[in-house]
Amino acid sequence: MPIPESEAFDEFKQNYGEQFGDPQGKLSPFSPHGHDSMMLILSALDEVAITSGNQLIVPRQELADTVRNTDSFEGLTGTLSCDANGDCAAAAIRFMMVENGEWVDGPGQ
């Protein structure tokens, strides 16, 4: 399933092109997935991290539990929920292949 169009995805594509000099998707279709992964982890860190003086303390088990309990996180790729193993995904998968040097949907999509 293609990544749903949104203002956030449009902004991501613009920022990606400006920073890396190539349009998002040219080198890999998975940069939005990496973005969502990082944002989900940063969101969990924001919930559990403790500042003590000049130290940042991250309780590892609490972080893992927070990620595993993530439900309905709005990402670029869709609404993400995680399971007890920490596997997080939107509801659909998109298979792609390169044809004539361009990313295109794989067969049967």
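This text follows the structure it describes.
Residues numbered from 1 in each chain as written. Predicted model: local features only at pLDDT ≥ 70, side-chain atom pairs only at ≥ 80, totals over all residues. Heavy atoms only, no water.

Engineer: If you had to explain the packing of aromatic side chains to someone new, which residues and values would you point to?
Structural biologist: Under the criterion given, the structure shown has three aromatic pairs. Taking the centre distance of 6.4 Å and the plane angle of 15 degrees together, the rings of Phe9 and Phe12 count as stacked. Taken together, the positions of Phe9 and Phe12, both in helix α1 (residues 7-20) and three residues apart, correspond to about one turn of that helix. This pair shows no difference in class: Phe9 is buried, exactly as Phe12 is. For the ring pair Phe12 and Tyr16, a centre distance of 6.1 Å and an interplane angle of 45 degrees mean the geometry is tilted. With Phe12 and Tyr16 both in helix α1 and four residues apart, the pair spans about one turn of that helix. Across this residue pair, the class does not change: Phe12 and Tyr16 are buried. Three or more aromatic residues joined by ring pairs make a cluster, and in this case those are Phe9, Phe12, Tyr16 and Phe20. (Phe/Tyr/Trp six-rings, centres within 6.5 Å; stacked < 30°, edge-to-face > 60°. Helix = DSSP H or I, 4+ residues; strand = E, 2+ residues; numbered from the N terminus. Buried < 20%, exposed > 50% of the residue type's maximum accessible area, 1.4 Å probe, protein only.)

Engineer: Outline the state of the cysteines, supporting the account with residue identities and numerical values.
Structural biologist: Summed over all chains, the structure comprises one disulfide. Put simply, Cys82 and Cys88 are joined by a disulfide, and their sulfur atoms are 2.0 Å apart. Of note, the bridge from Cys82 to Cys88 carries an S-S torsion of about 110 degrees and is right-handed in sense. Look at Cys82 and you get buried, because its relative accessible area is 14%. Classification of Cys88 as partly exposed rests on a relative accessible area of 33%. (Disulfide = S-S within 2.5 Å.)

Engineer: Help me get a handle on α1, residues and values and all.
Structural biologist: For α1, spanning 14 residues, the distance from its first C-alpha to its last is 20 Å, which sits close to the expected 20 Å at 1.5 Å a residue. Among all positions in α1, only Phe9, Phe12 and Tyr16 are buried. End-on view of α1: buried residues confined to an arc of 55 degrees, all on one side of the axis. Those residues of α1 that are exposed and angled more than 90 degrees off the buried face are Glu7 and Glu18. Looking at the buried residues of α1, the elements they touch are α2 (31-48). (Expected span 1.5 Å × (residues − 1). Arc of directions from axis to C-beta. Contact = heavy atoms within 4.5 Å.)

Engineer: Would you mind going over unusual backbone geometry in detail, with residue names and values included?
Structural biologist: With a phi close to 65 degrees, Ser72 is a non-glycine residue in the positive phi region. In this fold, Ser72 is placed in the loop between α3 (60-68) and β3 (73-75). Note on Ser72: relative accessible area 44%, which makes it partly exposed. Its identity is not glycine, yet Asn100 carries a phi of approximately 55 degrees, on the positive side. As for its placement among the helices and strands, Asn100 is situated in the loop between β6 (96-99) and β7 (102-105). Judged by its relative accessible area of 76%, Asn100 falls in the exposed class.

Engineer: Give me the lowdown on the pairing of strand β4 (residues 78-82), citing residues and values where you can.
Structural biologist: Relative to β4, β3 is paired through three bridges, and the arrangement is antiparallel. Residue pairing in the sheet places Glu74 in a bridge with Thr79 of β4. Hairpin geometry of β3 and β4 is characterised by an intervening segment of two residues between the two adjacent antiparallel strands. Both β4 and strand β5 (residues 88-89) contribute to a ladder of two bridges, which runs antiparallel. Residue pairing for β5: Ser81 is matched across the bridge by Ala89. (Pairing = 2+ DSSP bridges.)

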